[in-house]
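Single-letter residue listing:
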Amino acid sequence: MKQNRILVSRCLLGENVRWDGKTLTDCPPILKEWKKAGLVIPICPEMFGGLPIPRQPAEPQGGDGREVVAGTAIVIDPSGKDVTAEFLKGAREALRLAEENGVTIAVLKALSPSCGSKQTYDGTFSNSLKPGMGVTAALLKQNGIQVHNENEIDQIVDLIG
Ligand code: SF4
């Protein structure tokens, strides 16, 4: 049977790419198994966009990732610096990799302004969430890719491998 490859957020593979310089310790073990089996294309859109580790946190303002992709919202850091271009560059690179590899499924980190697929932060830097998507998740979904988070892996196990 043909094996389906998936995009996976690098931080969910235990890689040190997060904005705060910390490494996640509660990554779903199956993601590393899929990586060992050659099924994973690891992505970190914020690194693709040229942002450093560590980096300032960022939140969408004026909408969520869908509006950022549409050009009607921006992504800022707490000082008000506009990092929209970096977020969009990273999202486009993630989409390029998905298309190049025929990927139709992604498992991306929940809540992230890049990778979140159900909720994201509300742009006030007060730790408040709102329904919505990160920039990369939105661009992938608009291009026909199923985007799941680390809490939804059970839903896709049968589709991998
Ligand atoms: S959530 Fe996405 S952008 Fe943020 S560190 Fe993880 S892979 Fe990179």
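Look above for the structure.
All values derive from a computational prediction rather than experimental measurement.

Scoring rules and cut-offs
Residues numbered from 1 in each chain as written. Predicted model: local features only at pLDDT ≥ 70, side-chain atom pairs only at ≥ 80, totals over all residues. Heavy atoms only, no water. Helix = DSSP H or I, 4+ residues; strand = E, 2+ residues; numbered from the N terminus. Buried < 20%, exposed > 50% of the residue type's maximum accessible area, 1.4 Å probe, protein only. Contact = heavy atoms within 4.5 Å. 1 Å grid on protein atoms, 1.4 Å probe; cavity = no way out; pocket = protein on both sides within 12 Å on 5 of 7 lines; lining within 4 Å. Points joined across faces, edges and corners; volume = space filled by probe spheres on them. Nonpolar A, V, L, I, M, F, W, Y, C, P; charged D, E, K, R; others polar. Salt bridge = Lys/Arg side-chain N within 4 Å of Asp/Glu carboxyl O. Polar contact = N/O pair within 3.5 Å; in protein donor to acceptor, adjacent residues only side chain to side chain. Pairing = 2+ DSSP bridges. Axes fitted to C-alpha atoms, helices over the stretch in contact; angles between N-to-C directions. Near = heavy atom within 4 Å. Sits in = over half its atoms within 2 Å of the grid points.

Enquirer: Could you give an account of the environment of Ala94, naming the residues involved and the relevant values?
Expert: With respect to the helices and strands, the residue Ala94 is situated in helix 4 (residues 84-100). Classification of Ala94 by relative accessible area gives buried; the value is 0%. If we ignore the near neighbours within four places in the chain, the residues touching Ala94 are Leu7, Ile43, Phe48, Thr136 and Leu140.

Enquirer: Now, about the layout of surface pockets: what can you tell me, with residues and values included?
Expert: In this structure, the largest pocket occupies an estimated 650 Å³ of space. If you go around the largest pocket, you meet 32 residues; those closest to its centre are Trp19, Glu46, Pro57, Ser112 and Pro113. The residue inventory of the lining of the largest pocket, partitioned by class, reads 19 nonpolar, five polar and eight charged.

Enquirer: Describe in detail the pattern of salt bridges, supporting the description with residues and values.
Expert: What the rule picks out here adds up to nine salt bridges. Residues Arg18 and Asp20 are paired through a salt bridge, measuring 3.0 Å at the closest nitrogen-oxygen approach. For Lys109, the salt bridge identified is with Glu150, shortest N-O distance 2.8 Å. Highlighted residues: Lys109 in the loop between strand 5 (105-107) and strand 6 (119-121) and Glu150 in the segment after strand 8 (146-148), separated in sequence by 41 residues. Among the charged side chains, a salt-bridge network with shared partners connects Arg10, Glu15 and Lys35.

Enquirer: Please set out the side chain of Asn149 residue by residue, giving values where relevant.
Expert: Along the chain, Asn149 falls in the segment after strand 8. Judged by relative accessible area, Asn149 falls into the buried class, the value being 7%. Separated by 2.8 Å, the side chain of Asn149 and the backbone nitrogen of Asn151 make a polar contact. When neighbours within four sequence positions are excluded, Asn149 is seen to be in contact with Val107, Leu108, Ala110, Ser117 and Lys118.

Enquirer: Describe the sheet that holds strand 8, with residues and values.
Expert: Whether parallel or antiparallel, the strands of a sheet pair through hydrogen bonds between backbone atoms. Taken in spatial order, the four strands of this open sheet run 2-1-5-8, and their pairing is parallel. Sheet topology places strand 2 (40-43) and strand 8 at the edges, where each strand pairs with a single neighbour. The mean angle between the axes of side-by-side strands here comes to 25°, regardless of whether they run parallel or antiparallel.

Enquirer: If you had to explain the site of the ligand to someone new, which residues and values would you point to?
Expert: In the vicinity of the ligand lie 14 residues, with Cys11, Cys44, Glu46, Ser112 and Cys115 positioned nearest. Judged by its atoms lying within 2 Å of the grid points, the ligand is housed in the largest pocket.

Enquirer: Summarise unusual backbone geometry; cite the residues concerned and give the values.
Expert: Residues Ile53 and Pro54 are joined by a peptide bond in cis, for which omega reads -10°. Mapped onto the fold, Pro54 is located in the loop between helix 2 (45-48) and strand 3 (59-61). Even without glycine at this site, Leu111 takes up a positive phi of about 75°. Here Leu111 is to be found in the loop between strand 5 and strand 6. Even without glycine at this site, Phe125 takes up a positive phi of about 55°. Relative to the helices and strands, Phe125 is located in the loop between strand 6 and strand 7 (129-131). Since its relative accessible area comes to 28%, Phe125 is described here as partly exposed.

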